[in-house]
Amino acid sequence: MGERLWKIGDKVVDLSKRGMIMGVLNGTPDSFSDGGEFFATDAAIGSGIKMALEGADIIDVGGESTRPGAEPVPLKDELNRVLPVIEKMRAKIDNPISIDTSKSEVASASLDAGAFIINDVTAGRGDEAMLPLAAKRKAAIVLMHMQGEPRTMQKDPHYEDVITEVADFFRQQYARALECGVDPMAIAFDPGIGFGKTLEHNLALLKNLERLRAHDRPLVVGVSRKSFLGKLIGSSEMSDRMAPTIALTATLRGRGADIIRVHDVNENVAALRATEALLP
């Protein structure tokens, strides 16, 4: 695996030998995976600290559900959900905090509160101020591919060639980000597994991660607890999705994933480190 560098704040992280685990912290009452378990501020902060202690390299805080069928959240509500969590976690942990949002106002306030990374499921398309903001604030940014929007994205996903189309999208958004002044070293990409994709689309992307890579930028992959895992193993139980998540964490690292976004940090950190012991 060649050199893979990602600039987060004033630090440059080399992901070629040691990948990163991004712990998912949902501050929403309707998250698909945890049912709003961490909606209360104190519970969310405690969960984030626990993730850091278990080995999460990044804590990804979100205040708006992006599950299929989710409705948009008003700006004020999203700010009220995420800012207290980020501010209080920043006082207790040193791990980089990511803000999962498509609103530039939320991203800006979160950076003020102590976040270093913007994780945008719209890749800067949902808010034209997002990429200029990332450039101005020198923030790391994850640009994700999504066909459609959360409310409708799973109704009828269609591609002529999903691998080519996602790879082309990454190259286009990379060029757009640079036009807005974003540092190329600060950019990472996410193929958006489950975001406007069928089971077959998801599997094709996961099997061909290196074909998606644009300009040698890091790839963020999130499969944790997603419904396609249930389809693969023939189970509708959320609890049955942990084992396939862990298996894919290990497998995808070998296939080119640099940052793995997960809910169950302890188990996935162990899988990632064991896998890396075998990589060249």
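If you're wondering where the values come from, they're calculated on a predicted model, not measured in any experiment.

Along the backbone of the protein chain there are 10 helices and 10 strands. Relative to its length of 280 residues, the protein chain is compact, with a C-alpha radius of gyration of 17 Å against a globular reference of 19 Å. Expressed along its principal axes, the backbone C-alpha trace of the protein chain runs to roughly 45 × 40 × 40 Å. When each of the 280 residues of the protein chain is scored for burial, the buried share is 57%. Accessible area for the protein chain stands at about 11,700 Å²; split by element, carbon and sulfur atoms hold 52% of it. A distance of 2 Å separates the average location of the 34 positive side-chain charges in the protein chain from that of its 40 negative side-chain charges.

Inspection of the entire model under this criterion finds 19 salt bridges. When the shortest N-O distance is used, the salt bridge between Arg 4 and Asp 216 registers 2.4 Å. Taken together, the positions of Arg 4 in the segment before β1 (5-8) and Asp 216 in the loop between α7 (209-212) and β9 (220-221) put the pair 212 residues apart, joining distant regions of the chain. Across the salt bridge formed by Lys 7 and Asp 183, the nearest N and O atoms sit 3.5 Å from each other. Of this pair, Lys 7 sits in strand β1 while Asp 183 sits in the loop between α5 (162-179) and β8 (187-190), and the two are 176 residues apart along the sequence. On the accessibility criterion, Asp 183 (29% relative accessible area) is partly exposed. Each of Arg 4, Arg 18, Asp 57, Glu 210, Arg 213, Asp 216, Arg 253, Asp 258, Arg 273 and Glu 276 takes part in a single network of salt bridges with overlapping partners.

Let us now look at the packing of helix α2 (residues 75-90) against helix α3 (residues 104-113). Running from N to C, α2 and α3 point in directions that differ by 20°, and their axes come no closer than 9 Å. Taken together, the axis directions place α2 and α3 in an arrangement best described as roughly parallel. For the pair α2 and α3, the sense of crossing is right-handed. Facing Leu 75, Glu 78, Leu 79, Val 82, Leu 83, Ile 86, Glu 87 and Arg 90 of α2, the residues of α3 in contact are Glu 105, Val 106, Ala 109, Ser 110 and Ala 113. Its residues placed into classes, the contact of α2 with α3 shows 8 nonpolar, 1 polar and 4 charged.

Before going further, it helps to examine the side chain of Asp 57. Locating Asp 57 in the fold gives a position in the loop between α1 (41-54) and β4 (58-62). Relative accessible area serves as the criterion here: at 13%, Asp 57 is assigned to the buried category. A distance of 2.8 Å separates the side chain of Asp 57 from the backbone nitrogen of Ile 21, its partner in a polar contact. Leave out the neighbours within four places in its chain, and Asp 57 touches Arg 18, Gly 19, Met 20, Ile 21, Asn 95, Pro 96 and Arg 273.

On to unusual backbone geometry, then. In the Ramachandran plot, Ala 123 falls in the positive-phi region, its phi being about 55° despite a non-glycine side chain. Secondary-structure assignment places Ala 123 in the loop between β6 (117-120) and α4 (130-137). Classification of Ala 123 by relative accessible area gives buried; the value is 0%. The backbone of Arg 225 shows a phi angle near 60°, a positive value even though the residue is not glycine. Along the chain, Arg 225 turns up in the loop between β9 and α8 (227-233). Overall, Arg 225 belongs to the buried group, its relative accessible area being 18%.

Calculation criteria
- Residues numbered from 1 in each chain as written.
- Predicted model: local features only at pLDDT ≥ 70, side-chain atom pairs only at ≥ 80, totals over all residues.
- Heavy atoms only, no water.
- Helix = DSSP H or I, 4+ residues; strand = E, 2+ residues; numbered from the N terminus.
- Rg over C-alpha atoms; globule rule 2.2 N^0.38 Å.
- Buried < 20%, exposed > 50% of the residue type's maximum accessible area, 1.4 Å probe, protein only.
- Areas by Shrake-Rupley, 256 points an atom, 1.4 Å probe, with all protein chains shown as cover.
- Lys, Arg positive; Asp, Glu negative; His and termini not counted.
- Charge placed at Lys NZ, Arg CZ, Asp CG, Glu CD.
- Salt bridge = Lys/Arg side-chain N within 4 Å of Asp/Glu carboxyl O.
- Axes fitted to C-alpha atoms, helices over the stretch in contact; angles between N-to-C directions.
- Parallel < 35°, antiparallel > 145°, perpendicular 65-115°, else oblique.
- Left-handed = near helix turned anticlockwise from the far one by under 90°.
- Contact = heavy atoms within 4.5 Å.
- Nonpolar A, V, L, I, M, F, W, Y, C, P; charged D, E, K, R; others polar.
- Polar contact = N/O pair within 3.5 Å; in protein donor to acceptor, adjacent residues only side chain to side chain.

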